[in-house]
Amino acid sequence: MQFPFQKISVSLIVLSTVFLSLAFLPSTKAAIKQTKGDYEDKFRQLDEVLPTPNVYRNAAGEPGHQYWQQQVDYVIDVTLDEEKRRLDASQEITYTNNSPDTLKYLWVQLDQNKFREDSMSALTTTFGGIGNRGPATQGASGDSPAQMSIAALRRAQFVEDNELGYEIKKVADSQNNPLSYVIVGTLLRVDLPTHLKPSESIDFSIDFGFNIVEEDAVSARAGYEHFPEDEREGGNDIFLLAQWFPRLAAYTDYEAWTNKEFIGRGEFTLEFGNYDVSITVPADHIVSSTGELQNPRDVLSREQRNRLDKAKDAERIVFIVTEEEALENEKEGTSEQKTWRFKADNVRDFAWASSRKFMWDARGYQQGGDVQALVMAMSFYPKEGGDLWKKYSTESIIHTMEVYSRFSFDYPYPTAQSVNGPVGGMEYPMITFNGPRTTLQDDGSRTYSQAEKRFLIGVVIHEIGHIYFPMIVNSDERQWTWMDEGLNSFLDGVAGREWDPSIPWGVEPSDITYYMKSATQVPIMTQSDSVLRLGPNAYTKPAAALNILRETIMGRELFDFAFREYAQRWKYKRPTPADFFRTMEEASGVDLDWFWRGWFYSTDHVDISLDRVYKLRLDTENPDIDFERDRQIEADKPLSLTVERNREEGKQLWVERFEDITDFYDENDRFTVTNKERNDYQSFLSSMEPWERKAFERAVEEDKNYYVMDFSNIGGLVMPIILELTYADDSTEMLRIPAEIWRRSPKAVSKLIVTDKDKELVSVVLDPRWETADVDIENNHYPRRIIPSRIEAYKRKPRPGKVNRDIMQDIKTELKTEDETKDDD
């Protein structure tokens with residue numbers, strides 16, 4: 001392959017001219033236009049976009065010297081009514097005002113009110129359209145009828161048949177005096193009788209109850225799942241209880257009260273506090289919960305307590321409740337009750353699960369250190385979990401803690417749990433809900449597919465990872481979904497590839513290209529309820545971006561140090577995006593404003609095209625050398641087709657027939673060197689300064705290859721230019737050009753690459769390992785390659801709208817059957 005050939009002429013300025021003379025190339029000329037028209041500075045600093053640093057959050061991305069956050073402590077007594085599928089509870093709340101502000105009222109989250117028929121969530125859910133959570137519907141389009149899934153019908157019927165949302169029975173102060181309150185959708189405002197000044201606390205109580213939703217019916221983050229086929233008359237349930245109690249909304253330095261209506265997409269951000277929760281359930285239930293069990297003698301048998309103790313030092317899982325014991329529990333119910341009591345310190349939420357179907361396994365994770373030397377990794381699942389859960393759930397928990405702790409901090413809590421139930425995947429402090437199960441076969445055995453195995457391992461890693469982000473590094477998903485989902489997806493991809501790299505974890509840069517060029521992309525920084533496609537926007541794109549930062553832009557050493565610094569700074573605190581951006585730059589020493597601006601604030605995509613490669617050769621200015629080169633260039637040009645065929649036909653030239661009409665110019669062409677040209681060359685050399693002549697003669701002697709590569713930025717997102725250079729001797733070389741090459745010319749740039757004389761370039765590939773999420777890899781090859789694809793043979797199907805003979809016969813048979821049925825009725 002020959003690249004387009006150009007010459008480089010050298011003037012008295014010599015080497016500087018070698019580079020400046022490249023301006024004649026087309027893309028370089030276009031790149032000169034910098035300050036007018038549609039020029040855009042992709043490297044403009046983010047200072048004007050980010051909040052101004054202050055005493056609460058400083059310019060380095062650290063908590064400021066006056067950083068504060070509120071504390072809320074809870075004492076809760078809750079009872080599960082299994083038959084009515086209802087919770088009733090009373091809670092005592094201690095709210096401590098650590099802010100510098102005086103508070104006149106408190107805002108409380110009532111997330112269960114989302115399921116009311118008159119909620120904002122219900123009233124603003126569209127029929128069809130993009131971004132809806134839950135059962136699918138599809139609007140009518142042209143001749144196509146509207147579609148409503150059976151699941152959507154089931155949801156509508158469940159909401160109609162059940163009274164949902166909170167019943168607030170009492171809101172009172174510590175003396176049991178009623179407090180004035182107002183319910184605003186999924187929020188409750190408690191009006192304080194006296195203003196709560198800085199450093200003061202207030203105690204008050206709320207009594208409440210609600211009917212638990214059926215998760216399979218309404219597609220929620222919690223609820224019950226019914227198993228009618230169990231041996232017990234009427235069947236059994238698994239109860240997953242989350243977002244179940246009225247919780248104080250966060251009061252922050254950047255937003256004050258985070259009292260945005262809960263529509264269903266953005267989850268929550270809450271205050272840290274201490275919990276003491278007593279959970280009364282049927283006596284044959286097993287309970288998994290946030291916190292540490294305080295009364296094992298009241299709820300566990302001696303054998304179960306011994307097993308739990310044995311599991312602390314076990315190398316493999318130990319069953320606290322075996323499958324056989326769980327199966328026996330399934331057969332009979334009981335009217336008796338037991339109360340399980342859990343305490344949890346310094347957590348931002350509390351969730352639990354309860355069922356007589358649960359088997360329970362555990363293994364101690366010997367973490368060491370002085371934070372939490374032993375962590376009990378535990379899994380709770382019914383027989384439907386089978387060997388899939390026995391093999392992989394608890395192991396995945398421990399693997400997650402090992403990996404995440406390297407990137408952040410030691411796991412600080414005494415337990416980490418995975419519970420199987422109807423929720424596909426959800427996280428809370430110390431407890432996660434995860435959905436995959438085995439499939440029952442005709443012979444009574446249970447099997448699982450490769451996809452189900454991958455799903456379980458992946459979802460456990462992801463949800464346990466969420467205990468770090470955002471349950472400890474307390475970001476605000478109601479505002480910035482990516483701060484926990486994206487960061488966590490990045491880390492679960494790291495952990496997943498350390499488990500099994502053959503599993504497609506979905507966080508590679510190539511996994512997001514389809515979304516980045518789509519019409520439904522919105523900036524990552526979009527508020528969660530307004531995101532059109534949550535998965536790629538909040539999970540995959542930020543995860544891929546961080547993957548690129550670590551592996552391609554910053555390097556592992558700098559990235560890992562900065563990321564861990566961020567986690568350490570904001571452990572048990574509430575970071576914002578600015579805190580993350582600033583910490584990553586401040587701790588690494590790498591300017592990343594261009595990256596945050598492009599990946600997080602825009603919908604640009606990566607599409608860098610390698611348009612042309614020019615091969616240039618340095619003119620020696622010596623006519624005896626350069627003219628001969630020029631003669632060879634002329635000789636290498638394709639011969640005129642007419643001349644070639646004339647020769648083939650044996651046509652004799654006129655000057656060959658009549659030699660007497662030839663002259664000097666028939667023997668000497670324009671490439672013949674004259675003494676004048678030789679004298680000009682000597683004058684050129686003598687006019688040079690000594691240092692100029694030395695540099696010039698060296699360049700002539702080395703006779704290197706000069707390649708100029710033209711790049712255009714089609715997608716708008718500036719990124720490093722990564723090149724794989726292949727030479728004539730079959731050797732290859734990787735060249736990594738930082739993204740700053742685009743700083744003055746973001747739409748098109750040219751790059752000079754110089755190689756030794758014996759390193760002839762034959763091909764170039766841009767981003768050969770798909771590191772940068774380039775959406776079009778075909779314009780990354782020079783010379784262009786033949787595009788690989790596939791073709792599939794198919795059998796032509798009947799055209800829509802035409803009824804063929806077989807279909808008509810089916811219709812006649814169906815109509816006849818309907819008529820006979822009517823006659824029978």
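Below is a summary of the structure that appears in this document. Just so it is clear, the structure is predicted and the values come from calculations on it, not from any experiment.

### Focus: helix H21 (residues 675-686)
Here comes step 1: End to end, H21 covers 17 Å across twelve residues, agreeing with the expected 16 Å (1.5 Å per residue, within 8%).
Here comes step 2: Listed as buried for H21 are Tyr681, Phe684 and Leu685. Down the axis of H21, the smallest arc covering the buried residues is 95°, so these residues share one side. Exposed residues pointing more than 90 degrees away from the buried face of H21 are listed as Asn675, Lys676 and Ser686.
Here comes step 3: Where H21 is buried, its residues meet helix H17 (623-635) and helix H22 (690-702).

### A look at the nonpolar core
Here comes step 1: Ranked by size, the top nonpolar core spans 193 residues in total, and within it Trp244, Trp352, Phe433, Phe580, Phe595 and Trp599 carry the most contacts.
Here comes step 2: A per-element tally of this core places helix H9 (residues 386-407) first, with nine residues.
Here comes step 3: Membership of the second largest hydrophobic core comes to seven residues, among which are Leu616, Leu618, Tyr706 and Val708.

### Quick word on the sheet that holds strand S13 (residues 247-248)
Here comes step 1: Strand order in this open sheet of four strands is S8-S9-S4-S13, and the pairing throughout is antiparallel. In the strand order of this sheet, the two ends are held by strand S8 (181-184) and S13, each with one partner.
Here comes step 2: Alignment of strand S4 (residues 103-109) against S13, held across two bridges, turns out to be antiparallel. Bridging across to S13, Gln109 finds its partner in Arg247.

### Looking at the layout of surface pockets
Over the atoms a probe the size of a water molecule is rolled, and this reveals where empty space is left.
Here comes step 1: In this structure, the second largest pocket spans a volume of roughly 710 Å³.
Here comes step 2: Lining the second largest pocket are 31 residues; nearest its centre among them are His462, Glu463, Glu485, Gly535 and Tyr539.
Here comes step 3: Looking at the lining of the second largest pocket, the elements that each hand over two or more residues are strand S25 (425-428), helix H10 (450-468), helix H11 (482-499) and helix H13 (534-553).
Here comes step 4: Among the elements that make up the lining of the second largest pocket, the one with the highest residue count is H10 (seven residues).

### So, the pairing of strand S31 (residues 721-727)
Here comes step 1: Burial analysis of S31 places six of its seven residues in the buried class, which makes it a mostly covered element.
Here comes step 2: Sheet topology note: the S31/strand S32 (residues 732-737) ladder contains six bridges and is antiparallel. Considered in S32, the bridge of Ile722 is made with Arg736.
Here comes step 3: Counting the residues that bridge the hairpin from S31 to S32 gives four residues, and of these Asp730 lies at a positive phi of roughly 70°.
Here comes step 4: Judged from the five bridges that link them, S31 and strand S34 (residues 761-766) form a sheet pairing that is antiparallel. Bridging from a neighbouring strand, Glu724 pairs with Val765 of S34.

Definitions and cut-offs
Residues numbered from 1 in each chain as written. Predicted model: local features only at pLDDT ≥ 70, side-chain atom pairs only at ≥ 80, totals over all residues. Heavy atoms only, no water. Helix = DSSP H or I, 4+ residues; strand = E, 2+ residues; numbered from the N terminus. Expected span 1.5 Å × (residues − 1). Buried < 20%, exposed > 50% of the residue type's maximum accessible area, 1.4 Å probe, protein only. Arc of directions from axis to C-beta. Contact = heavy atoms within 4.5 Å. Core = buried A, V, L, I, M, F, W, Y, C linked by side-chain atoms within 4.5 Å. Pairing = 2+ DSSP bridges. 1 Å grid on protein atoms, 1.4 Å probe; cavity = no way out; pocket = protein on both sides within 12 Å on 5 of 7 lines; lining within 4 Å. Points joined across faces, edges and corners; volume = space filled by probe spheres on them.

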